[in-house]
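Okay, here's what each chain looks like letter by letter:
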Amino acid sequence: MTAVGHTGPASATDPDVVLVGGGIMSATLSALLGIVAPDWTVQVFESGEAVAGESSGPWNNAGTGHSALCELNYTPARPDGTVDASKAVGINEQFQVSRQFWSHLVRAGLTDSPRSFITSVPHISFVTGPEGRTYMRNRYEALAAEPLFAGLEYSDSPAELDSWVPLMMAQRDRSEVVAATRSLSGTDVNFGALTRLLVDAAVRRGVQLHVRHRVLKVRRDGDRWATTVRDLATGSTRTVRSRFVFVGAGGGALPLLQGAGIPEIRGFGGFPVSGQFLRTRNPALVARHQAKVYGQAKVGAPPMSVPHLDLRLIDGEQSLLFGPYAGFSPKFLKAGSMWDLPRSVRTGNLGSMLGAGKANIPLTRYLVGQVLQSTRSRFRALEEFVPTAESDDWELITAGQRVQVIKQDPTSGRGVLQFGTELIVGADGSIAGLLGASPGASTAVAAMLTLLERSFGDRMDEWRPKLQEAIPSYGHQLSADPALFAEVHAETTRTLQLEG
Ligand SMILES: Cc1cc2nc3c(=O)[nH]c(=O)nc-3n(C[C@H](O)[C@H](O)[C@H](O)COP(=O)(O)OP(=O)(O)OC[C@H]3O[C@@H](n4cnc5c(N)ncnc54)[C@H](O)[C@@H]3O)c2cc1C
């Protein structure tokens, strides 16, 4: 179903497209529209002082270019101990789509310095104990057979791990069983810098960006969507009408979609989980940890709480982040309101919310434990990674809010909490929004391509060649085409100035 028949805007001030929110998702969609429909008029409304102030900001997320090279939650063990690699392959495939699109934009002049937003950082998975080692070996065997994971290395030799992760091995008990895999194709991504580059490029081609403009409501108005916006500088409100609206408001998306009254949002709820990290900028420590290292989540802990120690490269400075530590806040955005959670409960989602609460007692217990934990116990988690950690080197920082999706299970009818992202598209395709936060920013391009397909299905024959020029694997599965993968991987490595 086509949402926008380009007949020109309804008035001089009404655009074809409204994008709510200036995070990585809206920025990516505006870049894709610049390729397939460059003559469409687009307006972006962002409530913050600048774009990328919420989850897409570099200190609000971990900056991992999620490609399942190191995140153990994407490679579950089966009952017989073998490892299921299918989810990992899918996540990696989506990141290759991002790499290709970013490369295309760099070739087209997005920036001379792709290292301002993406850099090579080895991705390592690290476990301890004999059971962990068996799982790690099985995981390595499952992934090594997959073309997208070429070059993955396995080691359970402490001497070798001394060179992979010197900071983590220093003064570690030499009798402890350790095992790890390493991929040199991993990346650290500054999604905030990338968002700014994408939005700057969009503005250069005529997209109108309005910061300090909060969208109050989106509602149907004939064959258009009326978006009511408050200018936070003057307090005045105005309404713009567009044929298509994308609610890329991150944590702010759920209430706006609920307010739009589309049936597709019925049954959905959100549960906010806040995140904190320990950060060090001590150059001596950073020099001894030039990697992103993911461990295993504790029993009962949700996937987004997998502990990891990450090298970050932000605005030319290296630092280490450890976490995340989960917390509870009823706000849906860092700059949100304490009423966000209670206000999101409607008759349409009350059942899902209550059902999810009942079915997720272990998560609730985990969150309560996290909120109540002392500084000392928080530090103990870091010491499991870095036995020589000194508290003076580390400071606690608050990261972004995640609003985990609660949805109704179609078979049982019960509410379930899920940890992925959910694209909500209205029946005629003219409104869409994104809920949830995982695997998140890394897969923004794949998510926004799906949006184009669902909202503008009958334009895809016309748009496909343009998209294939930008993303050579579009419409193909790289995991089933090793030759094409080798080609695009080599090209993106060269263009993005990566090492693998
Ligand atoms: C702790 C943490 C760690 C993470 N780690 C990673 C990681 O390592 N790798 C990864 O790929 N992803 C990660 N993510 C997920 C990733 O950050 C998000 O998926 C991504 O940034 C979401 O982008 P977005 O554009 O949807 O939302 P956001 O970046 O939150 O942008 C939404 C924008 O909408 C604006 N807005 C909201 N309401 C309104 C309104 N009513 N009117 C106008 N503007 C509005 C907000 O101010 C904000 O700027 C992490 C997230 C968190 C919280």
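Note that this is a predicted model, so its numbers are computed, not measured.

What about the overall build of the protein chain?
Helix and strand counts for the protein chain stand at 15 helices and 20 strands. Since a compact globule built from 500 residues should have a radius of gyration of about 23 Å, the 23 Å found for the protein chain is in line with a globular shape. When its C-alpha atoms are laid out on the principal axes, the protein chain stretches across 75 × 50 × 45 Å. Counting over 500 residues, the protein chain shows a buried share of 56%. A separation of at least 24 residues holds for 73% of the contacts in the protein chain among residues at least 6 apart in sequence. In the form shown here, the protein chain has an accessible surface area of approximately 20,300 Å², with 53% of it arising from carbon and sulfur atoms.

Focus: the pairing of strand S13 (residues 269-280)
Of all 12 residues in S13, 10 are buried, a share of seventy percent or more. In terms of strand pairing, S13 meets strand S16 (residues 317-327) through 6 bridges, oriented antiparallel. Residue pairing in the sheet places Ser274 in a bridge with Gly327 of S16.

What about the sheet that holds S16?
Overall, mixed pairing links the 9 strands, which are arranged S5-S6-S4-S14-S15-S16-S13-S17-S18 in an open sheet. In the strand order of this sheet, the two ends are held by strand S5 (153-155) and strand S18 (415-418), each with one partner. Across the sheet, the mean angle separating the axes of adjacent strands is 30° when strand polarity is ignored.

Remarks on the sheet that holds strand S10 (residues 224-231)
Strands sit in the order S9-S10-S11 across an open sheet of 3 strands; the sheet is antiparallel. Looking along the sheet, the strands with just one partner apiece sit at the ends: strand S9 (213-221) and strand S11 (237-242). Each strand of the sheet is rotated relative to its neighbour by a mean of 25°, with strand direction disregarded. Where S10 and S11 come together, 6 bridges link them in antiparallel fashion.

What about the confidence of the model for the protein chain?
Close reading of the predicted structure is inappropriate where its pLDDT is low. Across the protein chain, pLDDT averages 92, with 94% of residues at or above 70. Note that pLDDT drops below 50 for residues 5-10; the model gives that stretch 16 contacts with residues more than four away or on any other chain.

What about unusual backbone geometry?
Only a minority of non-glycine residues have a phi that is not negative, and only a minority of peptide bonds are not trans. Going from Gly323 to Pro324, the amide bond is cis rather than trans, its omega being -5°. For Arg212, which is not glycine, the phi torsion reads 55° and is therefore positive. Structurally, Arg212 can be placed in the loop between strand S8 (208-211) and S9. Judged by its relative accessible area of 32%, Arg212 falls in the partly exposed class.

Focus on the packing of helix H1 (residues 24-36) against helix H2 (residues 86-107)
Here H1 crosses H2 at 60°, and the two axes come no closer than 12 Å. Classified by chirality, the crossing of H2 by H1 is left-handed. Of H2, the residues touching H1 (which contributes Thr28, Ala31, Leu32 and Ile35) are Phe101, His104 and Leu105.

Let's talk about the nonpolar core
If you look at the biggest cluster of nonpolar residues, it comprises 57 residues, and the most contacted ones within it are Phe101, Trp102, Phe117, Phe246 and Leu452. Listed in part, the 30 residues of the second largest apolar core include Phe268, Met353, Ala356 and Val405.

With respect to the layout of surface pockets
Estimates place the volume of the second largest pocket at around 640 Å³. Forming the boundary of the second largest pocket are 30 residues, of which Gln296, Lys298, Pro307, Glu384 and Phe385 lie nearest the centre. Of all the secondary structure elements, the ones that give two or more residues to the lining of the second largest pocket are strand S4 (123-128), S16, helix H11 (361-372) and helix H12 (375-385). Top element by residues in the lining of the second largest pocket is H12. It accounts for 6 residues. Among the residues making up the lining of the second largest pocket, the classes are represented as 14 nonpolar, 9 polar and 7 charged.

Considerations on the site of the ligand
Around the ligand, a shell composed of 36 residues is seen, among which Glu46, Ser56, Thr64, Val215 and Ser442 lie nearest. At a separation of 3.3 Å, a nitrogen atom of the ligand approaches a polar side-chain atom of His66. Here an oxygen atom of the ligand sits 2.6 Å away from a polar atom, N or O, in the side chain of Ser442. For the ligand, the accessible surface in isolation is 1,000 Å², of which the surrounding protein chains cover 96%. Residue assignment for the shell around the ligand shows that the elements contributing at least two residues are H1, strand S2 (42-46), S9 and strand S17 (395-408). Here the residues of the shell around the ligand are counted per class, giving 14 nonpolar, 18 polar and 4 charged.

Conventions and cut-offs
Residues numbered from 1 in each chain as written. Predicted model: local features only at pLDDT ≥ 70, side-chain atom pairs only at ≥ 80, totals over all residues. Heavy atoms only, no water. Helix = DSSP H or I, 4+ residues; strand = E, 2+ residues; numbered from the N terminus. Rg over C-alpha atoms; globule rule 2.2 N^0.38 Å. Buried < 20%, exposed > 50% of the residue type's maximum accessible area, 1.4 Å probe, protein only. Contact = heavy atoms within 4.5 Å. Areas by Shrake-Rupley, 256 points an atom, 1.4 Å probe, with all protein chains shown as cover. Pairing = 2+ DSSP bridges. Axes fitted to C-alpha atoms, helices over the stretch in contact; angles between N-to-C directions. pLDDT = per-residue confidence, 0-100. Left-handed = near helix turned anticlockwise from the far one by under 90°. Core = buried A, V, L, I, M, F, W, Y, C linked by side-chain atoms within 4.5 Å. 1 Å grid on protein atoms, 1.4 Å probe; cavity = no way out; pocket = protein on both sides within 12 Å on 5 of 7 lines; lining within 4 Å. Points joined across faces, edges and corners; volume = space filled by probe spheres on them. Nonpolar A, V, L, I, M, F, W, Y, C, P; charged D, E, K, R; others polar. Near = heavy atom within 4 Å. Polar contact = N/O pair within 3.5 Å; in protein donor to acceptor, adjacent residues only side chain to side chain.

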